[in-house]
Protein chains: 2
Amino acid sequence: METTLSSSAKQSVAVPEPTVRRLPTYLNIIKNLQQAEHTYVSAPTLARILRLDPTQVTKDLSYTGVIGKTRVGYQISELVEALEDFLGFNRKHEAFLVGAGYLGSALIQYQGFRESGMRIVAAFDIDKNKIGTDIAGVPVFHLEKFRDLTERLHITIGIITTPPSAAQNVADLMIGWGIKAIWNFAPIGLKVPEHIILQDTHIYANLAVILNKLDHTALK
Amino acid sequence: METTLSSSAKQSVAVPEPTVRRLPTYLNIIKNLQQAEHTYVSAPTLARILRLDPTQVTKDLSYTGVIGKTRVGYQISELVEALEDFLGFNRKHEAFLVGAGYLGSALIQYQGFRESGMRIVAAFDIDKNKIGTDIAGVPVFHLEKFRDLTERLHITIGIITTPPSAAQNVADLMIGWGIKAIWNFAPIGLKVPEHIILQDTHIYANLAVILNKLDHTALK
DNA sequence: CTTAAATACAGAAAAATTTCTTTAATAAAA
DNA sequence: TTTTATTAAAGAAATTTTTCTGTATTTAAG
Ligand SMILES: NC(=O)c1ccc[n+]([C@@H]2O[C@H](COP(=O)([O-])OP(=O)(O)OC[C@H]3O[C@@H](n4cnc5c(N)ncnc54)[C@H](O)[C@@H]3O)[C@@H](O)[C@H]2O)c1
Ligand SMILES: NC(=O)c1ccc[n+]([C@@H]2O[C@H](COP(=O)([O-])OP(=O)(O)OC[C@H]3O[C@@H](n4cnc5c(N)ncnc54)[C@H](O)[C@@H]3O)[C@@H](O)[C@H]2O)c1
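In this report, we go over the structure that sits alongside the text.

About the criteria used
- Residues numbered from 1 in each chain as written.
- Chains lettered and ligands numbered in written order.
- Predicted model: local features only at pLDDT ≥ 70, side-chain atom pairs only at ≥ 80, totals over all residues.
- Heavy atoms only, no water.
- Helix = DSSP H or I, 4+ residues; strand = E, 2+ residues; numbered from the N terminus.
- Buried < 20%, exposed > 50% of the residue type's maximum accessible area, 1.4 Å probe, protein only.
- Areas by Shrake-Rupley, 256 points an atom, 1.4 Å probe, with all protein chains shown as cover.
- Lys, Arg positive; Asp, Glu negative; His and termini not counted.
- Charge placed at Lys NZ, Arg CZ, Asp CG, Glu CD.
- Least-squares fit on C-alpha atoms with pLDDT ≥ 70 in both.
- Contact = heavy atoms within 4.5 Å.
- Axes fitted to C-alpha atoms, helices over the stretch in contact; angles between N-to-C directions.
- Parallel < 35°, antiparallel > 145°, perpendicular 65-115°, else oblique.
- Nonpolar A, V, L, I, M, F, W, Y, C, P; charged D, E, K, R; others polar.
- Expected span 1.5 Å × (residues − 1).
- Arc of directions from axis to C-beta.
- Near = heavy atom within 4 Å.
- Polar contact = N/O pair within 3.5 Å; in protein donor to acceptor, adjacent residues only side chain to side chain.
- Buried area = accessible area lost by both parts, 1.4 Å probe.
- Salt bridge = Lys/Arg side-chain N within 4 Å of Asp/Glu carboxyl O.

What follows deals with the overall build of chain A. Along its length, chain A carries 8 helices and 11 strands. Taking the principal axes of its C-alpha atoms as reference, chain A extends roughly 60 × 50 × 35 Å. Expressed as a percentage of the 220 residues in chain A, the buried residues total 52%. For chain A, the computed accessible surface area is about 10,800 Å², with 53% contributed by carbon and sulfur atoms. Looking at charge distribution, chain A has the averaged site of its 22 positive side-chain charges lying 4 Å from that of its 21 negative ones.

Right, here's the structure in full:
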């Protein structure tokens, strides 16, 4: 699966999705290095930290357009900027979240998303006990309020953290009010039109990988 | 990346990791169908729901050893059992969670893991306000208690939901007390010995994919 | 009873992704 | 200064994963 890079240099280059998934991890690490006063980082260094092939890191980073220095690596400040630009982390992305339960609350208060440029500006629920409260400064409204707000604000991302039974309805609502991308955490196959970007995050997929490896290594 | 299937039939067949990641999603869907009184499901049906290639679903399901019926599909009860067996969901896996904050609490109270055979039996924290309380019936202990308990119970999985700064220490502790697999949610590259199964779940990887697609489609 | 449509499945092909190889550059060590 | 070691980068090769093709089967329709 591929996506495209739209650099300031006008051309559009296909970028593998696995690369897109690894890039924010690189960004995170080099930001930590930056805070520790490092100015350069090499691909082999990143590779050791993440147990990846060094040439894979090089190839991934090459999509940012940053040129590394032989025997030194990449200049961190330049790389941070290029990665943030490529990933869209330095643009503002406003999001709505529906389903202010345990997982929803965790996502709302999570400060890490700020660094990704995504800001959850409002949450919605149908539980009377939650409506009117706020979570880490983010107000929780009744789902009905949804319409007015999307029209006034420019919300591109809708996050679904309701029970699976409510998820399709919520998705339909979101689509109706012009949201462009849906980030769904409910374990259900949502039906959405072609033009809507749908990202399912099924946490149990990771668990399955763990259990499988456990079973596998138990035999040896 | 591959993993192996250890079926009751003694042989061991390599299973692609992408397949392992899709299997629990199939399981989830067919369990829903089962509740709706369906008795058979076909690969094209699953493929439509998940927007996958039908032959890919067929290939994935073939690893379970279940034989489908032409023009009808797979028998749901048989498939559920085979998937649960393959994924290890019908075996008991006990887990400890360290870092009973927002995300930790969400994972602890999440009932969905029960269906995967994983049970979080205790949580640990260093925050005095949390120690001594319980979350959905799961007690929160001081991190010090960790040792005694791992020795008495048979804990195979350690879940890390502490801030990144504490994660490496927690991981070292977990390894010291004999845990086999670490499921890490902190955005940091953990150093663990070869024999430890490490699964990082970096939620922002999914966000990166969304933002990238948003940028991409905005240009068209 | 015959035909048509839908499906599973195996194998081949294609596509995507990762890893390997080579080269050139350059910083650090001798 | 010369040598050595480390690295980036480009391209080739290998591997992995997905998609395509063809065949057989079987249910349902005509
Ligand atoms: N908690 C986890 O760790 C976890 C992990 C993986 C997946 N999930 C999934 O995420 C979703 C949320 O999980 P949770 O643990 O936070 O559950 P939760 O019950 O704590 O939260 C669900 C929230 O959605 C609200 N809600 C219900 N129907 C609604 C509707 N029609 N419109 C708006 N809001 C509605 C509820 O009032 C509640 O506040 C579930 O689908 C769950 O399967 C959760
Ligand atoms: N909340 C999210 O949606 C989200 C998303 C992605 C990643 N994460 C990551 O998950 C982790 C937890 O996030 P959170 O939002 O739940 O944060 P949180 O602050 O709510 O929870 C962290 C918990 O860890 C405890 N803790 C701190 N140091 C500890 C130690 N040494 N030993 C044991 N416990 C300790 C704290 O007391 C707190 O209860 C962070 O690393 C965060 O980056 C969170």
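Still to come is the rest of the account.
This part covers the relation of the copies chain B and chain A. A rotation about some axis, followed by a shift along it, carries one copy of the chain onto the other. With an RMSD of 0.0 Å, chain B superimposes on chain A once it is rotated by 180 degrees and translated 0.0 Å along the axis. The symmetry that links the two subunits is that of a two-fold axis. Mapped onto chain A, 100% of the interface residues of chain B are again interface residues, and the two copies thus contact each other with one and the same surface.

Residue and element names in this part refer to chain A. Here helix H1 (residues 17-35) crosses helix H3 (residues 54-62) at 95 degrees, and the two axes come no closer than 10 Å. Taken together, the axes of H1 and H3 are roughly perpendicular relative to one another. Each of Thr19, Arg22, Leu23 and Tyr26 in H1 lies in contact with H3, whose residues at this interface are Gln56, Val57, Asp60 and Leu61. Along the lines of polarity and charge, the residues of the contact of H1 with H3 split into 4 nonpolar, 2 polar and 2 charged.

Residue and element names in this part refer to chain B. With 13 residues, helix H7 (residues 164-176) ought to run about 18 Å at 1.5 Å a step, and its terminal C-alpha atoms sit 19 Å apart, in line with that. Along H7, the residues classified as buried are Ala167, Val170, Ala171, Met174 and Ile175. The arc enclosing the buried residues of H7, seen along the axis, measures out at 135 degrees, which places them on a common side. Exposed and oriented more than 90 degrees from the buried face of H7 are Ser165, Asn169 and Gly176. Just beyond H7, the residue with positive phi is Gly178, at close to 90 degrees.

What follows deals with the site of ligand 1. Close to ligand 1 lie 24 residues, the nearest being Leu103, Asp125, Lys130 and Thr162 of chain A together with Gln109 of chain B. Each of chains A and B places residues next to ligand 1. In the environment of ligand 1, an oxygen atom lies 2.9 Å from a nitrogen or oxygen atom belonging to the backbone of Tyr102 of chain A. One nitrogen or oxygen atom from the side chain of Lys130 of chain A is found 2.8 Å from an oxygen atom belonging to ligand 1. Taking 820 Å² as the accessible area of ligand 1 by itself, protein coverage stands at 84%. Of all elements in the fold, only helix H5 (102-109) and helix H7 (164-176) of chain A together with helix H5 (102-109) of chain B reach the threshold of two or more residues within the shell around ligand 1. A per-class count over the shell around ligand 1 returns 16 nonpolar, 5 polar and 3 charged.

Taken together, 24 residues lie near ligand 2, and Gln109 of chain A together with Leu103, Asp125, Lys130 and Thr162 of chain B sit nearest. More than a single chain frames ligand 2: its nearby residues are located in chains A and B. One of the side-chain N or O atoms of Tyr110 of chain A is found 3.3 Å from an oxygen atom in ligand 2. Separating an oxygen atom of ligand 2 from a backbone N or O atom of Gly101 of chain B is a distance of 3.5 Å. Taken by itself ligand 2 offers 820 Å² of open surface, and the protein chains cover 84% of this. At the level of secondary structure, the elements contributing two or more residues to the shell around ligand 2 comprise H5 of chain A together with H5 and H7 of chain B. It is H5 of chain A that contributes the most residues to the shell around ligand 2, 3 residues altogether. Its residues assigned to classes, the shell around ligand 2 shows 16 nonpolar, 5 polar and 3 charged.

Now for the interface of chain B and chain A. The interface of chain B with chain A comprises 60 residues on the first partner and 61 residues on the second. Interface of chain B and chain A: buried area, both sides summed, is about 5,500 Å²; carbon and sulfur atoms make up 65% of it. There are 2 salt bridges connecting chain B and chain A. Applying the counting criterion to the chain B and chain A interface returns 12 residue pairs in polar contact (both at pLDDT 80 or more). When residues of the side of chain B that touches chain A are traced back to their parent elements, those giving at least two are strand E1 (2-6), helix H1 (17-35), helix H4 (76-87), H5, strand E10 (181-184), strand E11 (197-200) and helix H8 (203-219) of chain B.

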